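Coordinate analysis (summary)
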Amino acid sequence: MTAGTIVIIELLGGVAMLLWGVRMVRTGIMRGWGDRLKQFIQQRLGNNVSAFAAGGMATAALGSATAMALIVAGLAASGAIGTSVGLAVLLGADVGSALVSALFASSSSYALWLSPLLLFAGYVTFSTSNEFRPHNFGRILIGFGLMLLSLRLIVGATAPLREASLFHEALSAIGREPVLAFLTGAVLAWLCHSTLAVILLIASFLANGSLDVPGALSFILGINCGGGLPSVTATFNLSPEARRLPLANLFCRGTVSIALLFFVGWIAPYVTALPVGPIEQAVVFHAGFNLLAALAYLPLTRQVSRLMRRIVPDLQAAPDNLSQPRYLDQMALATPSVALSNAALETVRMSELLDRMFDTAIVALRSGSLEKLKELKTLDERLNRYQTSVHGYLSDLTQSELEKSDTKRALEIMLYASNLEHAGDVIHLNLADRIKAKAKQSISFSVEQHASLDDLCLIISHSLRLATGVLTSNDIEGAKRLIAQKNTFRALENKIIDEHFRESGKARGASLRKSALYVDMIRDLHRVNSHIVSAGYPIIEAAGLLRDSRIRPEKKTK
């Protein structure tokens, strides 16, 4: 194997180790303190200056402006932050990321002894702790250790290039062509999804003399422009509110970097005149660029926000037929049979809403994505409005003289509407929390466990569809089938839990949390199914087919 091949392999390995270290730090912070990080940002959105400072401090801890851009884009998608203030957060994030890059690029002398210490401390903390946050703190320490170790590997890999005159000439030639160097830096930052990794690569070239500071400036401008691309591509499939923020950040970074590219030859003498080494000169320019972009656009965030709204307009949402009740006609109250039919029809629409909520929760459970769960709050509020409207409508109806059968029918509809609302609360307040816990604690169920949950969910879906028909038709046979669904669910539930406890009887630590979460999910599904099946009991009771108790009578002893 030639020396050049070895250099390339070691360089690729060093960059890969650096990117993995950044990922470990980001994952550890988001799992252990992600909610607090979001709260920290949200509590400081009063004005652009505080939002800018919050973005800088949060990114200095997180170590990745791209990760911060995705966090803020998620907040924008949920309506928690606007484009104007969100852009101020991202401008601060760019400055925070640049300071982290400067710290790592200038700390190669400390990497020799600090990286093994961090790796050892991280391994001990990660391995010995079963607590959630200390466990992730160990992950963070390992990530920082890998980042510093990768810096040593990159510097060592590029050391032979000091003697490679052809490589020096090629890199210097690219550096003398500002546009080519700019494009190269932008493409590298986009491919690596990390400005930190590419800045450290440029620093290693400066350290071994393969690249001079004037030639590095165009690379750095391109890196800063291309550093905004990963968050733009990552939010392509999100809502317009989420897409606008990364695009606005790219617009700010891109316009400033392109403008400075025309004056890079004039700027270079001032940078090289700084009384520090070449690496420090480059990272000072990198940090200065981000400060300049922030100073230029921080007062103009509203104008940029309006421009982004034109480029990425709001979607014209299709009308939702379930947005509000539509058949509770006040004129129909004069005819009780028609009014009861209208109320029953709205409970059918409530069933459709509940079905939508249930499908949303199950999709989030299967995919591990928490974005879908944000829809549950809106759907649950809508379900509550339906219940309130149906109850109010039937209360108005019962103010007049009604036949006994109509009064009983009104009560049945009100009870079923309440049960549907309670089932929605179980999905929104209980089942959704279990799904969030599963995702945040990185708990994964086995294929068999997922299959068992799917079987229970299938019974619930069948029960919901059957219940709507039973309620509107008052069919006794349909009510029998509906209640039989409850028995089927109970039998399958007991079988699943018995098998689960037999297999996980010796579970400890994380396995115990996984077991408890799995059982809690089954219990939540049981409650949802019970609320749905309740539609059949009034019909069975009216037919005289309902037993007083499921307990078998004791045999009389002689």
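Structure's up top.
What you see is a predicted model; the values in this text were computed from it and never measured.

**What to know about the side chain of Arg-253**
- Looking at the element boundaries, Arg-253 is found in helix 12 (residues 240-261).
- By relative accessible area, which is 5% here, Arg-253 ends up buried.
- Sequence-distant contacts of Arg-253, defined by excluding residues within four places in its chain, comprise Asp-94, Thr-195, Ile-223, Asn-224, Gly-227, Gly-228 and Phe-289.

**Observations regarding a negative patch on the surface**
- Taken together, the side chains of Glu-448, Asp-498, Glu-499 and Glu-503 present a region of like negative charge at the surface.
- By residue number, the principal contributor to the negative patch is helix 20 (residues 476-503), which donates three residues.
- Along the polypeptide, Glu-448 turns up in helix 19 (residues 447-473).
- According to the relative accessible area criterion, Glu-448 is exposed, its value standing at 57%.

**Quick notes on the packing of aromatic side chains**
- Per the stated rule, a full pass over the model turns up three aromatic pairs.
- Pairing Trp-266 with Tyr-270 gives two aromatic rings, centres 5.2 Å apart and planes at 55°, and the pair type is tilted. On the criterion of helical spacing, the pair formed by Trp-266 and Tyr-270 is a turn pair, its members being four residues apart in helix 13 (residues 264-272).
- For Tyr-270, a relative accessible area of 54% gives the class exposed.

**Comments concerning the pattern of salt bridges**
- Counted according to the given criterion, the structure contains ten salt bridges.
- Taking the shortest distance from any N to any O, the salt bridge between Arg-253 and Asp-94 comes out at 3.1 Å. On the criterion of sequence distance, the pair formed by Arg-253 in helix 12 and Asp-94 in helix 4 (residues 83-105) is long-range, its members being 159 residues apart. Each member of the pair, Arg-253 as well as Asp-94, is classed as buried.
- Through salt bridges with shared partners, a single ionic network connects Arg-434, Asp-520, Asp-524 and Arg-527.

**Focus on helix 18 (residues 404-440)**
- Relative to the 54 Å expected for 37 residues at 1.5 Å per residue, helix 18 spans 53 Å between its end C-alpha atoms, a close match to the ideal helical length.
- In helix 18, a bend of some 30° at Leu-431 exceeds every other bend along the element.
- One or two positions beyond helix 18, positive phi appears at Ser-442, with a value near 55°.

**Notes on the environment of Asp-329**
- Following the sequence through the fold, Asp-329 ends up in the loop between helix 15 (301-311) and helix 16 (336-367).
- Linking Asp-329 and Ala-339, residues ten residues apart in sequence, is a C-alpha distance of 7.5 Å.
- Here Asp-329 is in contact with Asn-342 and Tyr-393, once residues within four sequence places are set aside.
- At a separation of 3.1 Å, a polar atom in the side chain of Asp-329 contacts the main-chain amide nitrogen of Met-331.

**Remarks on the environment of Val-100**
- If you trace the backbone, Val-100 turns up in helix 4.
- A C-alpha to C-alpha distance of 69 Å links Val-100 and Asp-475, two positions 375 residues apart in sequence.
- Discounting chain neighbours no more than four positions away, the residues touching Val-100 are Thr-59, Ala-60 and Leu-196.

**Some points on the packing of helix 8 (residues 178-192) against helix 10 (residues 213-226)**
- Following both chains from N to C, one finds helix 8 and helix 10 inclined at 40°, their axes separated by 6 Å at the closest point. In terms of orientation, helix 8 and helix 10 fall into the oblique class. In the crossing of helix 8 with helix 10, the sense of the turn from one axis to the other is right-handed. Of the residues in helix 10, those in contact with Pro-178, Ala-181, Phe-182, Thr-184, Gly-185, Ala-186, Ala-189 and Trp-190 of helix 8 are Ser-218, Phe-219, Leu-221, Gly-222, Ile-223, Cys-225 and Gly-226.

Reading the values: rules and limits
- Along every chain, residues carry numbers that run from 1 in the direction the sequence is written.
- Whole-chain, interface and lining totals are the exception, using all residues; otherwise, since this is a predicted model, local features are given only for residues with pLDDT of at least 70 and side-chain atom pairs are given and counted only at 80 or more.
- Just so you know, side-chain values use all the structure's heavy atoms and leave hydrogens and water out.
- Note on conventions: DSSP H or I runs of at least 4 residues are helices, E runs of at least 2 residues are strands, and numbering of each starts at the N terminus.
- Note on exposure labels: buried denotes an accessible area under 20% of the residue type's maximum, exposed denotes more than 50%, and partly exposed covers the range between, all computed with a 1.4 Å probe on protein chains only.
- In what follows, a contact means two residues having at least one pair of non-hydrogen atoms within 4.5 Å.
- Patch membership requires more than 30% relative accessible area and the absence of a salt bridge. Residues of like charge join within 9 Å; the nonpolar side chains Val, Leu, Ile, Met, Phe, Trp and Tyr join within 5 Å.
- Here, Shrake-Rupley sampling with a 1.4 Å probe gives the accessible areas, and only protein chains in the shown set may cover a residue.
- Put simply, a salt bridge is a Lys or Arg side-chain nitrogen that is within 4 Å of an Asp or Glu carboxyl oxygen.
- His residues and chain termini do not enter the charge count, which takes Lys and Arg as positive and Asp and Glu as negative.
- In this description, the location of a charge corresponds to atom NZ of lysine, CZ of arginine, CG of aspartate or CD of glutamate.
- Aromatic pairs are defined between Phe, Tyr and Trp rings, using the six-membered ring for Trp, whenever the two ring centres lie within 6.5 Å; interplanar angles under 30 degrees are classed as stacked, those over 60 as edge-to-face, and all others as tilted.
- For a helix, the expected span equals 1.5 Å multiplied by the number of residues minus one.
- To get the bend at any residue, fit one axis to the seven residues that end at it and another to the seven that begin at it, then take the angle between the two axes.
- In protein, a polar contact requires one atom able to donate a hydrogen and another able to accept it; more generally it is a pair of N or O atoms within 3.5 Å, and residues adjacent in sequence count only if both atoms are side-chain atoms.
- Axis angles are defined between N-to-C directions and span 0 to 180 degrees, where every axis is a line fitted to C-alpha atoms and, for a helix, only to the segment in contact.
- In this scheme, roughly parallel covers angles under 35 degrees and roughly antiparallel covers those over 145, while 65 to 115 is roughly perpendicular and the rest are oblique.
- Handedness of a crossing follows from how the near helix is turned relative to the far one, being left-handed for an anticlockwise turn of less than a right angle and right-handed for a clockwise one.

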